[in-house]
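Below are the chains, spelled out letter by letter.
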Amino acid sequence: MTSLDERLKQPGLIVAPGAYDALSAKLAAQAGAEVVYMTGFGVAGAGFGLPDIGLVSAAEMMERVRVIAAAASPVPVIADGDNGHGGPLNAARLARAYEQAGAQCIQIEDQVFPKRCGHMEGKEVVPVEEAAAKIRAAADARAEKSFKIMARTDARATHGLDEALRRGEAFLKAGADILFIEAPRDEKEMRKIADTFKGVPLVANIVEDGKTPYLGAKALEALGYRIALFPVSALLAVTARLQEVYATLLKGEGLPEAEPRVTFQHYNELIGLHDMLADAAAINEKTGK
């Protein structure tokens, strides 16, 4: 499997679907994802039943990185680090922890605490100097340069596109490897971002019902983007499905035979039961049990 560092040196857009737990990460990898994106929005909602407004702690996010990276392995994971969960020292500690937990990239944004999902209203950002200090601290803290720092700015919503571009420049100077200008409003703005940062790996965050145009891979690549995140697509689809299934079950008749689902046996195959039992049998045979 190609690492994120190696993949960024190759041409072509990287489509990174969002995963929010071990099962979704494993299924994304099995579906053929080159990179899996650990979505903070999804972790907050699916892991804790909370909105994405900064309520999940750094320690809880670190643990989710470990679980998701292990489930997706050997597929690389980009992990949402929110706003670093504090100042530069916090961002540095978070970057080290994410790297040790198996992620290949951390995303750090410039929002205040508590933060909000990038496609929500009412966002605020910290001064650019403070945000750049976090990026610099995270970049300096990593053990290997192959561990990438993705710098995100939400300043488009608060100060306009020109300020977002200015922050992007500052973050690159601070050591960011990948640039994420959140929530441009139309293709013209997306094109301006790409023209301003030619040669820089750029992120497009494609959110259903969000503020950014809902473009596919070919259109994003043509604009000049290198990574397309689809962070909540699976979560939104699964949420609708869960509502339907629970409503059906509460009628007391169970699932109809024709209800779309995997079989019990296939589910066990997907999560590796057969391989684990085979490994256990091999160990027992070697130890004479």
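You'll find the structure just up there.
In this text, all values refer to a predicted model and were calculated from it rather than measured experimentally.

Engineer: Can you help me understand the overall build of the chain in this one?
Structural biologist: Scanning the chain from N- to C-terminus turns up 13 helices and 8 strands. For the chain, whose C-alpha radius of gyration is 20 Å, the value lies close to the compact-globule estimate of 19 Å for 289 residues. Structurally, the chain occupies a C-alpha span of about 60 × 50 × 35 Å along its principal axes. The proportion of buried residues among the 289 residues of the chain is 48%. Taking the contacts inside the chain whose residues are at least 6 apart along the sequence as the reference set, 70% of them involve residues at least 24 apart. Approximately 14100 Å² of the chain is accessible, and the part contributed by carbon and sulfur atoms is 56%. Charge separation in the chain, taken as the distance between the mean sites of 33 positive and 39 negative side-chain charges, equals 4 Å.

Engineer: Explain the packing of helix 2 (residues 22-30) against helix 4 (residues 58-72) here, please?
Structural biologist: What describes two packed helices is the angle between their axes and the distance between those same axes. Running from amino to carboxyl end, helix 2 crosses helix 4 at an angle of 30°, the nearest separation of the two axes being 7 Å. The orientation of helix 2 relative to helix 4 falls into the category roughly parallel. Between helix 2 and helix 4 lies a crossing whose hand is right-handed. The segment helix 2 lies against helix 4, with A22, A25, K26 and A29 engaging V67, I68, A71 and A72.

Engineer: Looking at this model, I keep getting lost on helix 3 (residues 40-48). Mind explaining?
Structural biologist: An α-helical segment advances 3.6 residues per turn. Residues three or four places apart therefore align on the same side. Listing the buried residues of helix 3 in full gives G40, G42, V43 and A44. On its buried side, helix 3 packs onto strand 2 (36-38), helix 4, strand 3 (77-80) and helix 11 (233-249). Its side-chain oxygen placed 3.2 Å from the backbone nitrogen of F41, T39 serves as the N-cap of helix 3. Where helix 3 terminates, the next one or two residues include G49, which has phi positive at roughly 65°.

Engineer: Sorry, what's going on with the sheet that holds strand 7 (residues 203-205) here?
Structural biologist: Strand order in the open sheet formed by 8 strands is 6-5-4-3-2-1-8-7, with parallel pairing between adjacent strands. Here the strands that pair on one side only, and so sit at the sheet edges, are strand 6 (178-181) and strand 7. Averaged over all adjacent pairs, the angle separating strand axes in this sheet is 25°, with direction ignored. Sitting on the sheet, helix 5 (residues 88-101) touches strand 2, strand 3 and strand 4 (105-109), and the angle it makes with strand 4 is about 155°.

Engineer: How should the pattern of salt bridges be read in this particular structure?
Structural biologist: Here the idea is simple: oppositely charged side chains can pair when their charged atoms come close. Using the criterion set out here, one finds 17 salt bridges in the structure. The salt bridge partner of D5 is K9, with a shortest N-O separation of 3.6 Å. On the basis of relative accessible area, D5 is assigned to the buried category, the value being 16%. Look at K9 and you get exposed, because its relative accessible area is 66%. Connected via shared salt-bridge partners are E109, K123, R152, D154 and E182.

Engineer: Help me out: how do you make sense of empty space enclosed by the protein in this one?
Structural biologist: Over the atoms rolls a probe the size of a water molecule, and its path tells where empty space is left. Overall, the coordinates contain 2 cavities of 30 Å³ or more when judged by the stated rule. Each pocket or cavity is described by its volume, and for the largest cavity that value is around 60 Å³. Every residue along the wall of the largest cavity is listed here: G40, A44, P51, D52, I53, G54, L55, V56, M61, D82 and K115. Its residues placed into classes, the lining of the largest cavity shows 6 nonpolar, 2 polar and 3 charged. Computed from the structure, the second largest cavity encloses a volume of approximately 30 Å³. Among the elements that line the lining of the second largest cavity, the one with the most residues is helix 6 (residues 128-141), at 3 residues. Looking at the lining of the second largest cavity residue by residue, the classes come out as 4 nonpolar, no polar and 4 charged.

What counts as what
- As a convention, each chain's residues are numbered from 1 in the sequence order in which they are written.
- Predicted model: local features are reported for residues with pLDDT of at least 70 only, side-chain atom pairs are reported and counted for 80 or more only, and whole-chain, interface and lining totals are derived from all residues.
- Calculation of side-chain values draws on the structure's entire complement of heavy atoms; hydrogens and water are dropped beforehand.
- Note on conventions: DSSP H or I runs of at least 4 residues are helices, E runs of at least 2 residues are strands, and numbering of each starts at the N terminus.
- Throughout, radius of gyration means the C-alpha value; the globule benchmark is 2.2 Å times the number of residues raised to the power 0.38.
- Three exposure classes are used, based on accessible area relative to the maximum for each residue type with a 1.4 Å probe and protein chains only: buried under 20%, partly exposed in between, and exposed over 50%.
- The contact criterion used is simple: two residues touch if any of their non-hydrogen atoms lie within 4.5 Å.
- Computed with a 1.4 Å probe, the accessible areas rest on the Shrake-Rupley method; for each residue, only the protein chains presented here act as cover.
- Charge convention: Lys and Arg are scored as positive, Asp and Glu as negative, and His as well as the terminal groups of each chain are ignored.
- Note that the charge is assigned to NZ on lysines, CZ on arginines, CG on aspartates and CD on glutamates.
- Note on method: axes are straight lines fitted to C-alpha atoms, helices fitted across the in-contact stretch only, with angles between N-to-C directions ranging 0 to 180 degrees.
- Relative orientations are named as follows: roughly parallel for angles under 35 degrees, roughly antiparallel for angles over 145 degrees, roughly perpendicular for angles from 65 to 115 degrees, and oblique for any other angle.
- Crossings are assigned a handedness: left-handed for a near helix turned anticlockwise from the far helix by less than a right angle, right-handed for a clockwise turn.
- Counted as a polar contact is a pair of N or O atoms within 3.5 Å, where, for protein atoms, one must be capable of donating a hydrogen and the other of accepting one, and residues adjacent in sequence contribute only when both atoms are in side chains.
- In this analysis, strands are considered paired if DSSP registers two or more bridges between them.
- In the sections that follow, a salt bridge refers to a side-chain nitrogen of Lys or Arg positioned within 4 Å of a carboxyl oxygen of Asp or Glu.
- Buriedness of a pocket was judged along seven lines, with at least five required to meet protein on both sides within 12 Å; pockets are open sets of points on a 1 Å grid over the protein atoms alone, cavities are sets where a 1.4 Å probe fits but cannot get out, and lining residues have an atom within 4 Å of a point.
- Grid points are joined across faces, edges and corners, and a volume is the space filled by probe spheres set on the points.
- Note that Gly is not counted as nonpolar here; it falls among the polar residues with everything else outside the nonpolar set of Ala, Val, Leu, Ile, Met, Phe, Trp, Tyr, Cys and Pro and the charged set of Asp, Glu, Lys and Arg.

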